[in-house]
Structure formats: C-alpha cells, structure tokens
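# Topology and contacts: notes
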2 protein chains.
Amino acid sequence: MSLDAGDTHRSKPRARRGGVRRDPTAATISRVADAAGVSRATVSRVMNGSTTVAPELAARVRAAAEALNYEPSLLARSLALGRTSTVSLIVPDLANPMFQDILRGLSTAAGAHGHRLMVAESNENAEAEQILAVEARRRSDGLVLASSRIPEPQLRALHERLAPLVLLNREIPGTAVPSLSVDYHAGIRAIVAHLLGYGHRRLVYLAGPPASTSNTDRLVTLRAEAAGSPGFDLTELDCGSTFETGHAAARAVLATGATAVVAFNDMVAFGALSGLHELGVSVPGQVSITGFDDIPFARYTTPPLTTASIPKNELGGQAWERLWALMSGASPGYDARFQPRLLVRDTTGPAPA
Amino acid sequence: MSLDAGDTHRSKPRARRGGVRRDPTAATISRVADAAGVSRATVSRVMNGSTTVAPELAARVRAAAEALNYEPSLLARSLALGRTSTVSLIVPDLANPMFQDILRGLSTAAGAHGHRLMVAESNENAEAEQILAVEARRRSDGLVLASSRIPEPQLRALHERLAPLVLLNREIPGTAVPSLSVDYHAGIRAIVAHLLGYGHRRLVYLAGPPASTSNTDRLVTLRAEAAGSPGFDLTELDCGSTFETGHAAARAVLATGATAVVAFNDMVAFGALSGLHELGVSVPGQVSITGFDDIPFARYTTPPLTTASIPKNELGGQAWERLWALMSGASPGYDARFQPRLLVRDTTGPAPA
DNA sequence: GTGAAAGCGCTAACAG
DNA sequence: CTGTTAGCGCTTTCAC
C-alpha cells in the first residue's frame, strides 16, 4: 500500500490556501482511501457499517484504517451530518447538590443513548446565562436549562433560538417548550401543615436567590398560608442557597423569635442547624428546622433533617427523554410537575411551650 | 437587500448531492454575504473583528447579519480552524463530591478562558473509561482524566492518542504527561500519627475501589506504618467509596474490635459514623473515625469529622493551567503533589481504656 | 457495488 | 481593502 502518496482525489494540489496547517501525516479518510486503493465514499461506507460493500474491499479498507490508526473526525462528521450527538446543560451553581444530581441524571441518560454532555455554570448570573445558553446550544443538538435565572421576557424572546430546549423548574407559559418541575407550592404546604400540626405559629423563612422562581413559588405559598391561618406569623429573611448563608443567618433567626425555620433548601437548613447549634440552641427542642430537596447528606445530619424530597435524578433523566423526543421530531409528551414527598425526620418537633 | 437570492457563490447549483437536507432559510455566511453584497471572506473578517474592512462595508455586513439573525456555525468554524475551544473531563463517579469539586474548578477556569467543558462519567469502569476518553478527546482540544481507573499498561499505550492530556491523582512514570496529585501517603501518615498519639493500636481501614490508585497509596502506607510500629494492629475491610458502603460496614467494623477506623474517604466515614451511631456506639468515645478529602459537609456532621483536607477546587483549576499550556504549545510546568492538611475535628479522641 | 462530485459552513493565503 | 479560491474531513446522491 502506498502510504506516501498524496491525495489523488484533489484536482490540482497546487498552493496551500485556507484552513490551517495540519499535521500532514494525520490519518484522514482520504489517506485511508488512497492506502486501500478505493474511494473515500467506500471508506465512509465501511466505517459506518454499510453492508453494500464487497467483503474483500471492506477488509482492505479496515486493514488500511488499522494500519494508519485512522479514526474518523467527529467534527467533520458532525458538520456533514448536521448533528453533534452532544447536548448541553446549564445550571446556576455547580456546587449545589441539587444540580449535581440533575447533571448526573442527564449525563447518564444521554450517555446511554450515545450522546455527550456539555456543562456550563452561570453562577446565578442571568446575563452570563443567556450568553452561555446560546453558545452551548450552538455547539450541541439540544439544551437543558436547569432553574434558569433568565427573566421571563428575555427567556421568551430566546426560546426559539434555543430549541430543542427543555426547562427544569421553570416554564414559559403559552409556548410548547417542555418543562419539568417540582411543585414547590405543594411541598411548602406540606411543610407548613407539618409545622402547624406541631403547634408552631411563628415561622421564619430563609429565602433563596431572588432570581430563582422556585424561591418565589415558596414565598407565594408561604404568604398565602400565613394569610389564611389565624395566628400564623411569618418572617422573611433574605438568605441565599448555601451553607454559609444559612450558617450566617442563625443569629438573625433567633432574633425573630420564631420557633420554626423553613429553609430555602437543605444546604441552608444545614447551615442554620449548625449555626444554631453553635449558639447553644437545641434543635428541635427550641427551634424546628425544615429543608427542601433531600440532598444525599440530609439523612446523615444530626439530627437528621426533616425535608421535602424531590426526584433530582429523575429530573435529569426525564429531561433527556423530552430532549431526545424533541431532537427526533417526536412529541415530547406532557409537562410534569413532580410532587415533593415530605420526609419527617428529627429536626422538627413540638413547639416549645 | 435580496434575501431571496440563492447562493451566487456556488458554481453550478444543479442537483443536490451529499450532505444532509438543511433548512434552506438557515442563515449561513453565504446568505449574509449575498445579502450584504460582499464576499464570504469579508463577512468572515467582519464577524471576527478584523480591522482591515472598510467601515461602510462592515456596517452593511453587520446589518445583514442582524437582519438574517446570523450566527456563525461553531462547528464549521472548528473544522476550519482545527480547534474546538472545548476540553473534556472524565471522572469515575459524578456523585462523589471530590469529583464534583474538580469539575467545578475545571469548568470555572476553562470558562474564564473562553473554553467549554464536556463531562463524562466512567462509573468506575476501566473499559468504559478508555472508550470515553478517546471519544471525548476527539471531540475537544484536550482531556483531563481524574483518578483514572485505567490500568497502567493500557493508559501508557493510550496517552499519546489522548494528548494534550492532564492526569489527576494518577501518573504515568517516564512520560511527560502532566500530573497533579495528592500525597495520600503523607495524609495517611498524618492520620495514623494522630490516632497513635491518642493511644489507638487497633485500626481498621475501610478500603475504597480496588482500581483506585489512591486507595492503593493509602493501603501501602498503612501497611508500612503497621509494620513499623510495634503493637500496631491493622485490619483491612473491603468497602467502597460511598455512604452506603460505609454504613453497611459498621457491623463488620465493630467485629474487628478496632478502636479507630480509617475510612477511604469522607463519604465512607460518614456512612460508618452513621452506622455506628445506629448501633449505639459512641464516636469518638468508643470508636474514633477519620475521613479523607474534607468534602463540604465534613464540618457539619455530628460530631464534625476529623479528616485530611485536599485542595479539590485547586486541582481542577491547576489542571486547566496545565492543559492550557499544553494546548498552546507551552511547557506545562512541573508536576505537583499537594500535601493534605490534617483537620482534627471531633470524630477522633483518646482510645478507650 | 463503487466512484465522482457536490455539499456541510467557515477560514485564510494569494492576487489584485 | 476585498474577492477568489482552496481547503478543513466527512457524507450522500447520482450514475455507471
């Protein structure tokens, strides 16, 4: 086999223009074709397992490919095919176990279908998220936006450019963009009922990121509940979504005189738990605490955290299903709103007399 | 502007061959060129901010691009340029906070340099990891392998195909592949010294994944320490790397009669802590426990976990530095071995009399 | 069954 | 400064 031969398929190999200087020994489909003494089309057919190639030729091609250590360029293939077999995920915060689980679920599901996952973190920044979303989408065949912080108008303006798109914990009313979410309203109602049942009347809510719609959901329901229950007193404290912010809020929590704290999520709950601990406050003796999400560590804290469990992994997996359907031109199915499950563990107890 | 005009740059727009049927209205560089009445080269120049374009022309191009909602195809661009501005990361287990932190560090650093991150999980499977590594590398400009489970011979055979490659917690002696790692030997020695200082003589090691070289490192040092210290008794228990496995090991730990358990990592330590708790064993009263990694939750357990802290985020960031250097043809700098810092918290105490 | 050629959408060397 | 052209590496239609 003449491995030294130039590309016999190019018409006039005169001056080198355009493109970029590549490694001239790199194995390309042309070199393999030359080496095997066939056309590039045939190599392509063999590499893609077409059966319409004479066994003898196919063998020769395979041998040449082997000898040259040839591997088709996925990039060129993507360009010709018009698809990348890659999907993207954008999350506000990679440090949040909630998003880590979504990432994992999506990665696993996509991987099972031969797709790769591209990830980007917006750092809770709506501007950055828009840029990232557009770019990520263009590098892949589909996009999943988890708990997007992009304001409704912008998101609405953007969604067509981002399609195929699947939204997690977010929706764009009036559009066909598939959305998978958690019913935070129901979760909060369950938590409140649980707390009221224990005799608590003064609650404090440790609020999450303002741009988070799931925070808004919680807030809305909390206020509605407060308005609807006589003697139910609600205080709102801006907090955040991390341990640190929860921890830092401990003193403020105490100052409200509340007997129960409803934390934005489990991490905040942990932080508060830890902070109160350090302040010598007994949980749930003096103060009860609830979280949200049921992240892996929630059951291992001391005491184990009462929280509302949500199907994090499932969210990622289902997101893939929806996205896949969209990418194959199928119907993505109905939107789903997962119902949180209240897990009563040991950070909640009767209100102190 | 004639938005309807076909591509005037193609010689004989006769029959449609090759490629794939695309949306004929899709904005491409050619359509923009036509609309603006310039050549594609000029459009390319404008889009890439070349200053050598007449302001008037540039304006026309920008207007046309705007009108057509044009965005250059990153795919085509990558093919022409020979680079993707994307790097890949492969980890054994996305559920492990250690790898989540590495992912985050890498993502942030790469993002700051305008690069995207592709992620894949090998599920602790060496075979799968090899496939993933090769494919991921071909889709991007560089690869980071975190705690690779690929056996040395295969990894050695593979590393050239994977370059630019950076290894985390792993190395290939005799090659120039940059490696960033943690000195598990030193970490374990510190832990053992701490435990011996407290009077412990019977230790049990909850071993991690067998394919993990960092597990081997720990084991080697542990055995050496045991061999070197009179009266030091070491038991090894196969465990794993998760909560669940640590939790499940509690009973076995008790059966060994050890007064201190050295867990593979923090998650295992948590599991064991929790399991022992349920068995009514007091920590550190009856049994001391140490972890490794100092994952975010380690300081929030009850009691807070004594562990060896490692710069997880830093690993991701430094990995980027090395990779970036490699990709730009620069020297990646010297390998580094980070020294763990022993964090004595409250799961360790004097051995019971 | 197989090859020639057109095409995916962009970049860059070259010539004016 | 701008257009022409060759090229990145692969796929697929069409014709033999």
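Quantities reported herein were computed from a predicted structural model and do not represent experimental measurements.

## Some words on the overall build of chain A
Looking only at helices and strands, one finds 13 helices and 12 strands in chain A. Computed over the C-alpha atoms, the radius of gyration of chain A is 28 Å, more than 25% above the 20 Å expected from 2.2 N^0.38 for a compact globule of 353 residues. Burial statistics for chain A: of 353 residues in total, 52% are counted as buried. Across chain A, contacts joining residues at least 24 apart in sequence account for 70% of those joining residues at least 6 apart. When the accessible surface of chain A is summed, it comes to about 15200 Å², and 53% of that surface belongs to carbon and sulfur atoms.

## Let's talk about the interface of chain A and chain B
In this assembly, 46 residues from chain A lie in contact with 47 residues from chain B. In total, about 4500 Å² of surface goes out of reach between chain A and chain B, with carbon and sulfur atoms giving 59% of it. Summed over the shared surface of chain A and chain B, the result is 6 salt bridges. With a shortest N-O distance of 3.3 Å, R116 of chain B and E135 of chain A are connected by a salt bridge. The interface formed by chain A and chain B contains 14 residue pairs in polar contact (both at pLDDT 80 or more).

## Topic: the UniProt feature "domain: HTH cro/C1-type" (unreviewed entry) in chain A
UniProt annotation of "domain: HTH cro/C1-type" (unreviewed entry) refers to residues 28-75 of chain A when read in the numbering used here. Between the end C-alpha atoms of residues 28-75 of chain A the distance is 12 Å, and the span holds 67% helix and 0% strand.

## Describing the domain arrangement of chain A
When the parts of a complex come together, some accessible area is lost, and that lost area is often used as the size of the interface. According to the domain assignment, chain A contains domain 1 (14-81), domain 2 (86-182 + 312-338) and domain 3 (184-310). Of note, the centres of domain 1 of chain A and domain 3 of chain A, computed from C-alpha atoms alone, are 61 Å apart.

## Some words on the packing of aromatic side chains
To describe a pair of aromatic rings, one takes the distance between the centres and the angle between the planes. Counted by the stated rule, this structure contains 13 aromatic pairs over all chains. Ring geometry for W320 of chain B versus W324 of chain B: centroids 5.6 Å apart, planes at 15 degrees, classification stacked. Taken as a pair, W320 of chain B and W324 of chain B lie in helix α13 (residues 312-327) at a separation of 4 residues, close to a single helical turn. Judged by relative accessible area, W320 of chain B falls into the buried class, the value being 0%. For W324 of chain B, a relative accessible area of 33% translates into the label partly exposed. Following the ring pairs from residue to residue traces out a cluster consisting of F243, F270, F297 and Y300 of chain A together with F243, F270, F297 and Y300 of chain B. When the ring centre of F292 of chain A is taken as reference, the NZ or CZ atom of R218 of chain A above it lies at 4.8 Å.

## Considerations on the relation of the copies chain A and chain B
When chain A is fitted to chain B, the best match, at an RMSD of 0.1 Å, comes from turning it 180 degrees and sliding it 0.0 Å along the axis. Here the two chains are linked by the operation of a two-fold rotation axis. Taking the C-alpha atom as reference, chain A places M118 of chain A closest to the rotation axis, 2.1 Å from it. Interface overlap between copies is the fraction of interface residues in one copy that are interface residues in the other; for chain A against chain B it reaches 100%, indicating a shared surface.

## Quick notes on the pattern of salt bridges
Residue and element names in this part refer to chain B. For the coordinates displayed, the defined rule picks out 24 salt bridges over all chains. A salt bridge links R139 to E135, with the nearest nitrogen and oxygen atoms 2.8 Å apart. With R139 and E135 both in helix α6 (residues 126-139) and 4 residues apart, the pair spans about one turn of that helix. Look at R139 and you get buried, because its relative accessible area is 14%.

## Focus on the sheet that holds strand β4 (residues 165-168) of chain B
Here 12 strands make up an open sheet; going across it, the order is β11(A)-β5(A)-β4(A)-β3(A)-β1(A)-β2(A)-β2(B)-β1(B)-β3(B)-β4(B)-β5(B)-β11(B) and the pairing mixed. Looking at the sheet topology across the chains shown, the edges are occupied by β11 (336-338) of chain A together with β11 (336-338) of chain B. Each neighbouring strand pair of the sheet contributes to a mean axis angle of 20 degrees, computed without reference to strand direction.

## Some words on the environment of C239 of chain B
Residue and element names in this part refer to chain B. By the secondary structure assignment, C239 is in the loop between β7 (233-238) and α10 (243-248). Separated by 32 residues in the primary sequence, C239 and A207 place their C-alpha atoms 5.2 Å from one another. Apart from residues no more than four positions distant in its own chain, C239 is found in contact with L206, A207, T245, G246, A249 and V268.

## Observations regarding the pairing of strand β5 (residues 179-182) of chain B
Residues and elements named next belong to chain B. Residues S179 and S181 point to one face of β5 and L180 and V182 to the other, with burial holding for every one of them. For β4 and β5, the ladder comprises 2 bridges, and the chain directions are parallel. Bridge pairing in β5 places L168 opposite L180. Where β5 lies against β11, 3 bridges are found, and the strand directions are parallel. By the bridge assignment for β11, L180 is matched with A336.

## Side note on the nonpolar core
Ranked by internal contacts, the top residues of the largest apolar core, which has 140 residues, are L89, L206 and I289 of chain A together with L89, L206 and I289 of chain B. Dropping the residues within four chain positions of it, L89 of chain A is found in contact with I102, L103, L106, L117, M118, V119, A120, V144 and A146 of chain A.

## Digging into the packing of α6 of chain B against helix α7 (residues 152-162) of chain B
All names here are of chain B. Contact geometry of α6 with α7 gives a least axis separation of 10 Å together with a crossing angle of 10 degrees. Accordingly, the angle class assigned to the pair α6 and α7 is roughly parallel. Mapping the contact onto sequence places Q130, A133, V134 and R137 in α6 and Q154, L158, R161 and L162 in α7. The class makeup of the residues in the contact of α6 with α7 is 4 nonpolar, 2 polar and 2 charged.

## Considerations on the sheet that holds β7 of chain B
All names here are of chain B. With parallel pairing, 4 strands are arranged side by side in an open sheet as β7-β6-β8-β9. At either end of the open sheet lies a strand with only one pairing partner, and these are β7 and β9 (288-290). Put simply, the sheet's adjacent strands are angled 20 degrees from each other on average, direction ignored. Two strands pair when backbone bridges link them, and strand β6 (residues 202-207) and β7 are joined in this way by 6 bridges, in the parallel orientation. Within β7, the position partnered with Y205 by the bridge is E236. Strands β6, β8 (260-263) and β9 of the sheet are contacted by helix α12 (residues 266-278), whose axis makes an angle of about 160 degrees with β9.

## Things to note about the pairing of strand β3 (residues 142-146) of chain B
Residue and element names in this part refer to chain B. β3 sits mainly inside the fold: 5 of its 5 residues count as buried. Residue alternation in β3 divides its side chains into two sets, G142, V144 and A146 and L143 and L145, and both sets are buried. Note that strand β1 (residues 86-91) and β3 share 4 bridges and pair parallel. Residue pairing for β3: S88 is matched across the bridge by L143. Across 4 bridges, the pairing between β3 and β4 is parallel. From the neighbouring strand, V144 faces β4, where its bridge partner is V166. For the handedness criterion, the β-α-β arrangement of β3, α7 and β4 is classed as right-handed.

## Overview of helix α7 (residues 152-162) of chain A
Residue and element names in this part refer to chain A. Among the residues of α7, those classed as buried are L155, L158, H159 and L162. The arc that holds every buried residue of α7, seen down its axis, measures 125 degrees, which confines them to one face. Exposed residues on α7 whose side chains face more than 90 degrees from its buried face are P153, A157 and E160. In this structure, the buried residues of α7 make contact with α6 (126-139), β3 (142-146) and β4 (165-168).

Each value, and the rule that gives it
- Residues numbered from 1 in each chain as written.
- Chains lettered and ligands numbered in written order.
- Predicted model: local features only at pLDDT ≥ 70, side-chain atom pairs only at ≥ 80, totals over all residues.
- Heavy atoms only, no water.
- Helix = DSSP H or I, 4+ residues; strand = E, 2+ residues; numbered from the N terminus.
- Rg over C-alpha atoms; globule rule 2.2 N^0.38 Å.
- Buried < 20%, exposed > 50% of the residue type's maximum accessible area, 1.4 Å probe, protein only.
- Contact = heavy atoms within 4.5 Å.
- Areas by Shrake-Rupley, 256 points an atom, 1.4 Å probe, with all protein chains shown as cover.
- Buried area = accessible area lost by both parts, 1.4 Å probe.
- Salt bridge = Lys/Arg side-chain N within 4 Å of Asp/Glu carboxyl O.
- Polar contact = N/O pair within 3.5 Å; in protein donor to acceptor, adjacent residues only side chain to side chain.
- UniProt positions renumbered as here; feature names shortened; annotations may be inferred.
- Domains from an automatic or database assignment.
- Phe/Tyr/Trp six-rings, centres within 6.5 Å; stacked < 30°, edge-to-face > 60°.
- Lys NZ or Arg CZ within 6 Å of the ring centre and 35° of its normal.
- Least-squares fit on C-alpha atoms with pLDDT ≥ 70 in both.
- Pairing = 2+ DSSP bridges.
- Axes fitted to C-alpha atoms, helices over the stretch in contact; angles between N-to-C directions.
- Core = buried A, V, L, I, M, F, W, Y, C linked by side-chain atoms within 4.5 Å.
- Parallel < 35°, antiparallel > 145°, perpendicular 65-115°, else oblique.
- Nonpolar A, V, L, I, M, F, W, Y, C, P; charged D, E, K, R; others polar.
- Right-handed = clockwise from strand over helix to strand, strands pointing away.
- Arc of directions from axis to C-beta.

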